[in-house]
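# Remarks on the overall topology
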Amino acid sequence: MTQVVQWFAILYDTVMMALNFLIFWRLLRAEYVSNRAVMFFSSIILYMAAEGFALGYIIYEGGSPIAELPALVLASVPLLVSGAIKPQNVRLQGSVKYSLLLATSLVVDEMGMGYLYAKAFGVNLGNWLVDSVSNVAFGLMMLADALFFLLVSRRRGKPEYALFTFATAMVFLPNVVFVYGKMIMLIFSILSSVIMIINIVLLYLVQLSGFTFRRQFFAISMALLNFLMMYGLSDFAVTGSLVVLSLTSAISMAWYLFAEVWESKDVKIEPRPGLTFLFLVLVNLAELAMGFGMTVFGFRTSLDLFMPSSASGAMGHMHAASGQMAMSSTMSQSGNMPSGTTSGMNMGMGGHMSMMRVQPWSSWDPLWWLFPFDIYSMMTMMKISGNALINMFWSSFMLIMMTTMSPFYVIMMGSEMAFLVWERYRRAKNLGVKRWALVILVSIPIFVVLVPYYTPYYVFGMSGMIIPVEVIPYLISLGAVAIAVILLGRRAYCNAVCMSAHMWTNIWYDQFKPKRHWRGWDYLRWAFLVPAIIVLVLYPLYGLGLLQPPAVKLPGAESFANFILDFYGMFVLNYVWWFFFFLTPIFGAYSCARQGWCGFGTLAGLGNKVFFKVKANSVETCRACRSVECEGACPVKIPIRSDVLLKGYTNRIACVGCGDCVEACPYGNLTIRSLIGR
Ligand code: SF4
Ligand code: SF4
């Protein structure tokens, strides 16, 4: 009997879905349709929704058939209203009102069918919204919608593929498969994040491809809904409740269906920096929410799956529970902490704070390298003061720092940026710039992920989260970077090693070239250099035991000196940097180099003074030049022409070696020269 009712639910959902597609196919194919027909069909779809809810409630929940009555009355509203309005033919795709009506009707119907399926298969979480949305039938309907609308679409370009990937990302959210266990949920949520990153890349391309109302509407609204979805995922990861995730899925689905039906005209609008900025903020919020949610969810789930004896309930999990902790500091305090040692860096504000992470290779958790810590638990553990303002700063610092240090976030962001760098490679005309774009591409997996996260060799960055940066590898890394910047100039660090280059040296961020430069930054950069040098020198001195840190202690802190050193590195490279990246439309690309607040970059810039130069093939060409396009293209506002007129080349410390000036010169008059390569 149970099987019969289950088959009935599947059959009902399949037939109703086919009917929906038939209605939409007919309506979308017609150039003009009667407004009364749209409302009639809207009621038909809503009747199906009412039936889905009613059947689920009456057959499987033992509810009263009377309950169906108000649902049917509500479903009749469009039909009743259609009798009162003036009949006319309308272009469905051009009408916000009718598109919205049909999209809402369809999503309610799919929720009704999802509800019926959930009841037939015994999914009962005590909340009708969760039961309707968080089940595999609703996921399959979303997938069917994504395929159907892509197939019937009259256009087939980046916006349409962006819509398709947006819907597909929803299909793989963990709430869809929560009855199949944690492993499936984890695999699905990783897939969902990957598809969302593809969607964001498409949104960047849509946003870049022209300032039309349709493109900006698509890019901005989809970025907002990506954020909403990932917010739902984060809420699920932290609380274990499916309510918010189900709600955000339903809202996103309704918006998706509306965007599929409503075909706004591709009319040109005035370029507005505010819109671009809004898009950037929303995309970054979506990525942050994804990084946070997935790291927490991945950490807790993999711990439960692979190290169940370490897991201790839904909250507060840390891989540290396995007893395999190590410092998260850039360099272990002793400088040579052996792998597998149980330790911790007590940043101990009031004894609460222990930043810990799993030691590699000593764990059976195959996902330790992707989800090494629980951001939420660490944030809540690390309250440092009763002062609300200090706590607000500290919580935001921890949230951004831990999320941007999470390997999952870095890998996802790296993949996204790699595509935009690849596009730069494709579009570059100059061979040298093309080659350098390839160097950046290869550097992303090596220097942004592999070296800092999974080896003790890393400098100028404090995110050696899994293996601590140890003193000897640290000195070797420092030496290697020094040699590289001598041979290749600052670009060896600012393009190949630092993640900012991958973000700022790509086709999308290229549009944020600052127009002016304040001379004061040229002097202030030296002030920023001082703390960077102090940090870089103190680390090995403390690590080798050649210098004793001052005996000053914070309340409960093990070592004030190490805390300050760690804090400075993380503050500059994970917090300040991230805000400048977030605010690129205001501060411009490469604000770190132009304004000089990255002392590590300024130090690397000294390498420009050895073998590196941006050389003019002919000084006379520059003398006669009126456009000076090279300077307009330079993200750090170097006075290239006056430098060339003075000495035939430019090699200022601020030059990041991006090659934009080389590409921009209409006469092909510039070449980047260094000891290795041009
Ligand atoms: S490098 Fe090219 S754009 Fe710049 S001043 Fe010389 S000729 Fe003009
Ligand atoms: S001078 Fe040329 S290579 Fe150097 S930062 Fe400016 S645009 Fe890039």
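Whatever comes next refers back to the structure up there.
Because the structure is a prediction, the values reported are computed rather than measured.

About the cut-offs
- Residues numbered from 1 in each chain as written.
- Chains lettered and ligands numbered in written order.
- Predicted model: local features only at pLDDT ≥ 70, side-chain atom pairs only at ≥ 80, totals over all residues.
- Near = placed C-beta within 6 Å.
- Nonpolar A, V, L, I, M, F, W, Y, C, P; charged D, E, K, R; others polar.
- Pairing = 2+ DSSP bridges.
- Helix = DSSP H or I, 4+ residues; strand = E, 2+ residues; numbered from the N terminus.
- Expected span 1.5 Å × (residues − 1).
- Buried ≥ 20, exposed ≤ 12 C-beta atoms within 10 Å, placed from the backbone.
- Axes fitted to C-alpha atoms, helices over the stretch in contact; angles between N-to-C directions.
- Parallel < 35°, antiparallel > 145°, perpendicular 65-115°, else oblique.
- Left-handed = near helix turned anticlockwise from the far one by under 90°.
- Contact = placed C-beta atoms within 7 Å.

The next point concerns the site of ligand 2. Around ligand 2, a shell composed of 14 residues is seen, among which Cys634, Cys655, Cys658, Asp660 and Cys661 lie nearest. When its residues are assigned to classes, the shell around ligand 2 shows 10 nonpolar, 3 polar and 1 charged.

A separate point is the sheet that holds strand β6 (residues 613–616). Across the sheet, 3 strands lie side by side as β7-β6-β8; this open sheet has antiparallel pairing. Every other strand in the sheet has two partners, leaving β7 (649–650) and β8 (670–673) as the edge strands with one partner each. Sheet analysis places β6 next to β7, joined by 2 bridges and oriented antiparallel. Looking at the pairing, Lys615 lines up with Tyr649 of β7.

So, about the site of ligand 1. Surrounding ligand 1, one finds 14 residues, the nearest of these being Cys622, Cys625, Cys630, Arg641 and Cys665. Secondary structure elements with two or more residues in the shell around ligand 1: α24 (619–624), α25 (629–633) and α26 (640–647). Taken together, the residues of the shell around ligand 1 sort by class into 9 nonpolar, 3 polar and 2 charged.

To continue, consider helix α9 (residues 213–239). With 27 residues, α9 extends 38 Å between its outermost C-alpha atoms, agreeing within 8% with the 39 Å of an ideal straight helix rising 1.5 Å per residue. The buried fraction of α9 is high, at 20 of 27 residues. Phi turns positive one or two residues past the end of α9, at Gly240, with a value near 80°.

As a further point, take the packing of helix α8 (residues 182–208) against α9. Here α8 crosses α9 at 160°, and the two axes come no closer than 9 Å. Between α8 and α9, the interaxial angle falls into the category roughly antiparallel. For α8 against α9, the interelement crossing comes out left-handed. Contact residues: Ser189, Met196, Asn199, Ile200, Leu203, Val206 and Gln207 in α8; Arg215, Phe218, Ala219, Met222, Ala223, Asn226 and Leu233 in α9. Of the residues contributing to the contact of α8 with α9, the split by class is 9 nonpolar, 4 polar and 1 charged.

Take the environment of Ala219 next. Within the fold, Ala219 resides in helix α9. The exposure class of Ala219 is buried, given the 28 C-beta atoms found within 10 Å. Expressed as a C-alpha distance, the spacing of Ala219 and Val206, which sit 13 residues apart in the sequence, is 6.6 Å. If we skip the residues at most four places from it in the chain, Ala219 touches Leu203, Val206, Gln207 and Phe279.

Interaxial distance between helix α4 (residues 96–120) and helix α6 (residues 136–152) falls to 8 Å at its minimum, and their mutual angle equals 145°. Residue-level contacts link Glu110, Met113, Gly114 and Tyr117 of α4 to Ala137, Phe138 and Met141 of α6. Per-class residue counts for the contact of α4 with α6 are 5 nonpolar, 1 polar and 1 charged.

The residue Gly274 is located in helix α11 (residues 273–306) in this model. For the pair Gly274 and Pro585, spaced 311 residues apart in sequence, the C-alpha separation works out to 8.7 Å.

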